[in-house]
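# Overview (structure and organization)
Spelled out from the first residue to the last, the chains are:
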Amino acid sequence: MQAAPSAPVRQPIPSVGQYGRPKQEHQHVRYNPLRDDWVLVSAHRVKRPWQGQLEKPPPEDVPRWDPKNPLCPGATRANGEVNPKYEGTFVFPNDFPALHPDAPEPDDSDHPLFRAAPAQGVCKVMCFHPWSDLTLPLMSLPEIRAVIDAWAELATELGASYPWVQIFENKGAMMGCSNPHPHCQVWASSFLPNEARLEDRTQRQHLSEHGVPMLLEYAEQEARRKERLVVENADWLVVVPYWATWPYQTLLLPRRHVCRLQDLSDSEKDSLASIMQRLLIKYDNLFEVSFPYSMGWHGAPTGAFLEEDCRHWQLHAHYYPPLLRSATVRKFMVGYEMLAQAQRDLTPEQAAERLRSLPEVHYKKRAEEV
């Protein structure tokens, strides 16, 4: 009878791999428990020469007020309505909405492969500030707090009727923003969108299996580990998530268990304004450009879900910026990313370290002080 092999001697893991690169730069895949999928991390690829498309940096000379800009105070919009001469935030119905509250229901399907379902809703636009040459990182803390208050009010108002209220900002022409004025959009729908349904399932499963909300546990872990932390304060922290897909993607998380934006206390809204400003200043300082991104809030569903147990949810905001190497070189999600799975070109730890090391005074204000 052959003797059982002895246990192998455990050797220390070398810090440099067989190809001469640090071990953490070798390709590997990471699991995203929030989306139940994987991302390929290939940090060495960021060093490859780039001869592809170069983006045009955003203009630095945006006029403060332009009568032809439909988001400016006193300007006439495409539907002929004239904006009031607002001095703070301004909310109005989207003139070209993707959702209508009275849309007719589709015809019944005659085959399971050709299914349709009703979709009603409302779409609103919210201007952050009357000046077109400002963005959130250049606004004052009271002005950012006013934006947060308006977000919470809209979430409450629309959430009384609709199960999902999606607040999102597309910043910069690179992210499809068609107007150089600080603003966001709010879409309320009669259905749970794909991302909401997915996060509902994964967070519900995590609470069932582990007894703690997923993102509450995750925030506690990241606060302790520090390596992906970008900024933090008493109520909030921002990390480049372990499973980040976009180069400088971040996740904004509260430290306590809170399900919805409208559940925040006044002090938490103040500290949220502060940490948003700090993060967005770092974003702009990275390449000394008005940093493009798409961001949005995810929280527990509303409408009929207000009467249900949503303890598995934890409020959070996603920031998805596309820039990779400079103000003109972006990450493209094409080819392998579209046909196989997401892939990133530097580790989340590298991205977090770079963001963390940046100053918290905006580059434009530093230039003014010189």
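About the thresholds
- Residues numbered from 1 in each chain as written.
- Predicted model: local features only at pLDDT ≥ 70, side-chain atom pairs only at ≥ 80, totals over all residues.
- Heavy atoms only, no water.
- Pairing = 2+ DSSP bridges.
- Helix = DSSP H or I, 4+ residues; strand = E, 2+ residues; numbered from the N terminus.
- Axes fitted to C-alpha atoms, helices over the stretch in contact; angles between N-to-C directions.
- Parallel < 35°, antiparallel > 145°, perpendicular 65-115°, else oblique.
- Left-handed = near helix turned anticlockwise from the far one by under 90°.
- Contact = heavy atoms within 4.5 Å.
- Nonpolar A, V, L, I, M, F, W, Y, C, P; charged D, E, K, R; others polar.
- Core = buried A, V, L, I, M, F, W, Y, C linked by side-chain atoms within 4.5 Å.
- Buried < 20%, exposed > 50% of the residue type's maximum accessible area, 1.4 Å probe, protein only.
- Expected span 1.5 Å × (residues − 1).
- UniProt positions renumbered as here; feature names shortened; annotations may be inferred.
- 1 Å grid on protein atoms, 1.4 Å probe; cavity = no way out; pocket = protein on both sides within 12 Å on 5 of 7 lines; lining within 4 Å.
- Polar contact = N/O pair within 3.5 Å; in protein donor to acceptor, adjacent residues only side chain to side chain.
- Salt bridge = Lys/Arg side-chain N within 4 Å of Asp/Glu carboxyl O.

This next bit is on the sheet that holds strand E12 (residues 342-344). Spatial ordering of the open sheet is given by E1-E2-E12, a layout of three strands whose pairing is mixed. A single partner strand is all that each edge strand has here, and the edge strands are strand E1 (28-32) and E12. Sheet twist, expressed as the mean angle between neighbouring strand axes with direction ignored, is 30°.

Between helix H1 (residues 141-159) and helix H4 (residues 266-287), the shortest axis-to-axis distance is 9 Å and the interhelical angle comes to 120°. Looking at the two axes, H1 sits oblique to H4. Of the two possible hands of crossing, H1 and H4 adopt the one that is right-handed. Along its contact with H1, which presents Leu 141, Ile 144, Arg 145, Ile 148, Asp 149, Trp 151 and Ala 152, the element H4 presents Asp 266, Lys 269, Asp 270, Leu 272, Ala 273, Ser 274, Met 276 and Gln 277. Looking at the contact of H1 with H4, its residues break down into eight nonpolar, two polar and five charged.

Core analysis: the biggest nonpolar cluster contains 56 residues, and Trp 151, Leu 252, Leu 272, Trp 297 and Tyr 319 have the highest contact counts within it. When sequence neighbours within four positions are dropped, the list of residues in contact with Trp 151 reads Met 126, Phe 128, Ile 167, Cys 184, Leu 261, Met 276 and Trp 297. If you look at the next biggest cluster of nonpolar residues, it comprises twelve residues, including Met 214, Ala 223, Leu 237 and Val 239.

Let us look at H4. Taking 1.5 Å of rise per residue, the 22 residues of H4 would be expected to cover 32 Å, and the 33 Å separating its terminal C-alpha atoms lies within 8% of that figure. At the exit of H4 stands Glu 288, carrying a positive phi of roughly 50°.

So, on to the UniProt feature "binding site: Fe cation" (unreviewed entry) in the chain. In this numbering, the UniProt entry assigns the feature "binding site: Fe cation" (unreviewed entry) to Glu 199, His 298, His 316 and His 318. In summary, the annotated positions, though distributed over 120 residues, converge in three dimensions, the widest C-alpha pair being only 12.5 Å. For the largest cavity, the lining residues drawn from the annotated set are His 298. Relative to the helices and strands, His 298 resides in strand E10 (residues 293-298). Overall, His 298 belongs to the buried group, its relative accessible area being 9%. Those residues in contact with His 298 that sit more than four places away from it in its chain are Trp 164, Gln 166, Glu 195, Glu 199, Trp 313, Gln 314, Leu 315, His 316 and His 318. Its place among the elements puts His 316 in strand E11 (residues 316-320). Accessibility expressed as a relative area gives 0% for His 316, which makes it buried. Every residue in contact with His 316, bar those within four places of it in the chain, is listed here: Leu 34, Glu 199, Leu 215, Leu 251, Leu 252, Leu 253, Gly 296, Trp 297 and His 298. Here the side chain of His 316 touches Glu 199 through a polar contact of 3.0 Å, side chain to side chain.

Moving on, we come to the pattern of salt bridges. Side chains that differ in sign of charge can pair as their charged atoms come close. The tally for this structure, following the rule as stated, stands at 25 salt bridges. One salt bridge connects Arg 256 with Glu 268, and the closest N-O pair in it is separated by 2.4 Å. Here Glu 268 lies in helix H4 and Arg 256 lies in the loop between strand E9 (250-254) and H4, a separation of twelve residues in the sequence. For Glu 268, a relative accessible area of 7% gives the class buried. Across the salt bridge formed by Asp 345 and Lys 331, the nearest N and O atoms sit 3.3 Å from each other. In this pair, Asp 345 is assigned in the loop between E12 and helix H6 (348-356) and Lys 331 in the loop between E11 and helix H5 (336-339), connecting sequence segments 14 residues apart. For Asp 345, a relative accessible area of 3% gives the class buried. Classification of Lys 331 as buried rests on a relative accessible area of 5%.

In space, the nine strands of this open sheet follow the order E3-E4-E6-E5-E10-E11-E9-E8-E7, with antiparallel pairing throughout. Two strands close off the open sheet at either side, each with one partner strand: strand E3 (90-93) and strand E7 (229-232). Here the strands of the sheet are splayed against their neighbours by 20° on average, with no regard to which way each runs. Sheet topology places E9 next to E11; three bridges connect them, and they run antiparallel. If you follow Leu 251 over to E11, its bridge partner there is His 318.

A word on the packing of helix H2 (residues 194-210) against helix H3 (residues 214-225). With their axes 8 Å apart at the nearest point, H2 and H3 run at an angle of 75° to one another. Overall, the two elements H2 and H3 adopt an arrangement that is roughly perpendicular. Residue-level contacts link Thr 202, Gln 203 and His 206 of H2 to Met 214, Leu 215 and Glu 217 of H3. Of the residues that constitute the contact of H2 with H3, the class distribution is two nonpolar, three polar and one charged.

Another point: the pairing of strand E6 (residues 183-189). Among the seven residues that make up E6, six are buried, leaving the element largely enclosed by the rest of the structure. With seven bridges connecting them, strand E4 (residues 121-127) and E6 associate as antiparallel partners. Note on E6: the bridge partner recorded for Cys 123 is Trp 187. Across five bridges, the pairing between strand E5 (residues 164-171) and E6 is antiparallel.

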